[in-house]
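Results of the structural survey
Spelled out, the chains give:
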Amino acid sequence: MHEVSGQAGRHWTEMGRHWWVQAARGACAIIFGVLAVVWPLITLLTLVILFGAYAIVSGAFALFGAFRGVHPRDSRTWLAISGVLAIVAGIVAWVWPGITALALLILIAAYAVVIGVSEIVAAVARRKAGETDWAYLVSGVLAVIFGILLFAWPASGALALTWLIGLFAILYGASLLLQAYRVRESARRGSAAGPAAHAV
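Scope of this entry: the structure provided in the associated data block. Along each chain, residues carry numbers from 1 onward, in the same order as the chain's sequence is written. At least 70 in pLDDT is required for a residue's local features to be given in this predicted model, at least 80 for side-chain atom pairs to be given and counted, and no such filter applies to totals for whole chains, interfaces and linings, which use all residues. Values reported for side chains reflect all heavy atoms of the structure, with hydrogen atoms and water molecules removed beforehand.

**Concerning helix H2 (residues 19–38)**
Strands here mean DSSP runs of E at least two residues long; helices mean DSSP runs of H or I at least four residues long; both are numbered from the N terminus. Helix span, expected: 1.5 Å multiplied by one less than the number of residues in the helix. Taking 1.5 Å of rise per residue, the 20 residues of H2 would be expected to cover 28 Å, and the 29 Å separating its terminal C-alpha atoms lies within 8% of that figure. Listed as buried for H2 are Val21, Gln22, Ala23, Ala24, Arg25, Gly26, Ala29, Phe32, Gly33 and Ala36. Residue exposure (1.4 Å probe, protein chains only): buried if accessible area is under 20% of the type maximum, exposed if over 50%, otherwise partly exposed.

Spelled out as structure tokens, the structure:
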């Protein structure tokens, strides 16, 4: 019993050390979303550059979290996959300067669906490992819904699509910040409960 309690405390302590990874991803998403919303005359090239930067940075943080965070093995695998795909999407956006609005739309939609599915699978893996993390599931569902909306609404005006992309990024970023907060708080409770349980 003492050994199990000690392991749980160490587990949450290790997770708490990397809560800032999710927070950084959330902050990047929110910054990208705010720029898209408050910049009504944003050009296609600027949007491509912003999306590429966001995808690469977010993917890099996801990979860091996969290799350094303490998560179930299946969860780490899917987090790594989502990180690699995000970086690939960002690079594709950057090396394709003549990308059309429709092509960019399809790229962002595909990115959102794949990332969302990866996060949903990771959330399920975490739940099977005994970690209830509904915020992770919410972010995945939001991403999938957003991707489907883009696929189903390709003929919308550029301004409406820019706002849609921006609003999604803000909501997605907020869900990641919520994840980071919950991980940090859970780590604090776990590290506090560990010594107490060990002393009993």
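**A look at the nonpolar core**
Definition used in this section: a nonpolar core is a set of buried Ala, Val, Leu, Ile, Met, Phe, Trp, Tyr and Cys residues joined via side-chain atoms within 4.5 Å. Judged by nonpolar contacts, the single largest core of 32 residues is most densely connected at Phe32, Phe51, Tyr111, Phe146, Leu150 and Tyr172. At the level of elements, H2, helix H3 (44–68), helix H4 (73–95), helix H5 (101–128), helix H6 (134–152) and helix H7 (158–199) are the ones that each hand at least two residues to this core. The biggest single contributor to this core is H5, with nine residues. Core analysis: the next-biggest nonpolar cluster, separate from the first, contains eight residues, Ala62, Ala66, Leu79 and Ala123 among them.

**Some thoughts on the pattern of salt bridges**
By definition, a salt bridge exists where a carboxyl oxygen of Asp or Glu is found within 4 Å of a side-chain nitrogen of Lys or Arg. Counting across every chain of the model gives one salt bridge. With its nearest N and O atoms 3.3 Å apart, the salt bridge here joins Arg25 to Glu119. Residue Arg25 is located in helix H2, and its partner Glu119 is located in helix H5; the two are separated by 94 residues in the primary sequence.

**A short note on a nonpolar patch on the surface**
Taken together, the side chains of Leu45, Ile49, Val84, Val88, Ile91, Val92, Trp94, Val95 and Trp96 make up a nonpolar region of the molecular surface, amounting to roughly 830 Å² of accessible area. Contributing elements (two or more residues each) for the nonpolar patch: H3 and H4. Residue position: Ile91 is located in helix H4. We classify Ile91 as partly exposed; its relative accessible area is 41%. Patch definition: residues above 30% relative accessible area lacking any salt bridge, with like charges linked at up to 9 Å and the nonpolar side chains Val, Leu, Ile, Met, Phe, Trp and Tyr linked at up to 5 Å. All accessibility values rest on the Shrake-Rupley procedure with a 1.4 Å probe; residue burial counts only the protein chains present in the view.

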